[in-house]
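What follows is each chain in one-letter form.
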Amino acid sequence: SALTRREAEERRSRVAAGFVGRDAELATIRSWLGTPRATPPASALFVGGTPGIGKTTLLAEAVRRAVAEDPRWLPVRLDFDRAGLDVRDELGLTLELARQVAAGLGEHAHEIREARLTAAGSAVRSLEPVKGDGRDDVPSGVVGPLATVVRESGRRLLLVLDTLEVLRGRGETHSPRLFAWVDRLMEQGLAPLAVIAAGRGDALDSAGERVGRRIDLGGLDPAKADRVLTGLGVTGVAGECCEPVGT
């Protein structure tokens, strides 16, 4: 929708206005995005670190720069801190993916919207619980049109998976199941794609083979921290009284 596109643009603008440092990490992510995968198994560049260190902000800035450099990228962000996203509900995940792709493609996405409505209507007609009612399968009636429209538009998917420690907290099988879902998307034609992800500490330990590259974030050095604080209207304190912080 127009609202979704506007919110995404506003998010990118806010990140660009306040982002400081992380040049080495951004270069690593840029290199990772240079080789999107065309076939499964999917793997991710994973950004780890403590709460508040700047993982989400780094991913957002990396996405902003990637799209600015190569407009073929079509970002889709799945934040598992958001209510309603459940890896056991592959229909729901796929419909959310399709919603964001349709918003990113604008007027070229009518076929995706029709497929989403059909799949969502079928789910509503089912009164069974989530598990075992067909919601734990990737809906080919959505992914097929989705893959066709993305391919014909000349775009490629940039999948951003955030707050993955939430999945770890739900059980050891959740992270592997998420990547198995991505594999099935690729098998049904939604490729090439690239995956970047973030989470606290050991968020992807249960799917370690899916980590193609890892970045462990530390704090900013005092000079860069001063720049951040200056942008917030606070000057000359980072090197005197504060530990380095992330953005």
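This is a predicted model, so every value here is computed, not measured.

**Brief notes about the nonpolar core**
Across soluble globular proteins, you tend to see nonpolar side chains buried next to one another. The biggest cluster of nonpolar side chains holds 44 residues, and the ones touching the most others in it are Phe-80, Leu-161 and Leu-164. For this core, the leading source of residues is helix α4 (residues 90-105), giving eight residues. Beyond its immediate stretch of four places on either side in the chain, Leu-164 contacts Phe-46, Phe-80, Leu-178, Ala-197, Ala-198, Gly-199, Ala-203 and Leu-204. Counting residues in each nonpolar core, the second largest holds 20 residues, with Leu-58, Ala-62, Trp-73 and Ile-196 among its members.

**Structural notes on the sheet that holds strand β1 (residues 44-49)**
The strand order across the open sheet formed by five strands is β2-β3-β4-β1-β5, and the pairing between neighbours is parallel. One side of each edge strand has no neighbouring strand; the edge strands of this open sheet are β2 (73-79) and β5 (211-216). Averaged over all adjacent pairs, the angle separating strand axes in this sheet is 20°, with direction ignored. When β2 meets strand β3 (residues 156-162), the two strands line up parallel, connected through seven bridges. Its bridge partner lying in β3, Val-76 is registered against Leu-159. Its contacts with the sheet put helix α3 (residues 55-69) on β1, β2, β3 and β4 (193-200), and the angle it makes with β4 is roughly 160°.

**Digging into the side chain of Arg-156**
The residue Arg-156 is located in strand β3 in this model. There is a polar contact of 2.8 Å between the side chain of Arg-156 and the side chain of Asp-70. Dropping the residues within four chain positions of it, Arg-156 is found in contact with Pro-36, Asp-70, Arg-72, Trp-73, Leu-74, Val-150 and Pro-192.

What counts and what doesn't
Residues numbered from 1 in each chain as written. Predicted model: local features only at pLDDT ≥ 70, side-chain atom pairs only at ≥ 80, totals over all residues. Heavy atoms only, no water. Core = buried A, V, L, I, M, F, W, Y, C linked by side-chain atoms within 4.5 Å. Buried < 20%, exposed > 50% of the residue type's maximum accessible area, 1.4 Å probe, protein only. Helix = DSSP H or I, 4+ residues; strand = E, 2+ residues; numbered from the N terminus. Contact = heavy atoms within 4.5 Å. Pairing = 2+ DSSP bridges. Axes fitted to C-alpha atoms, helices over the stretch in contact; angles between N-to-C directions. Polar contact = N/O pair within 3.5 Å; in protein donor to acceptor, adjacent residues only side chain to side chain.

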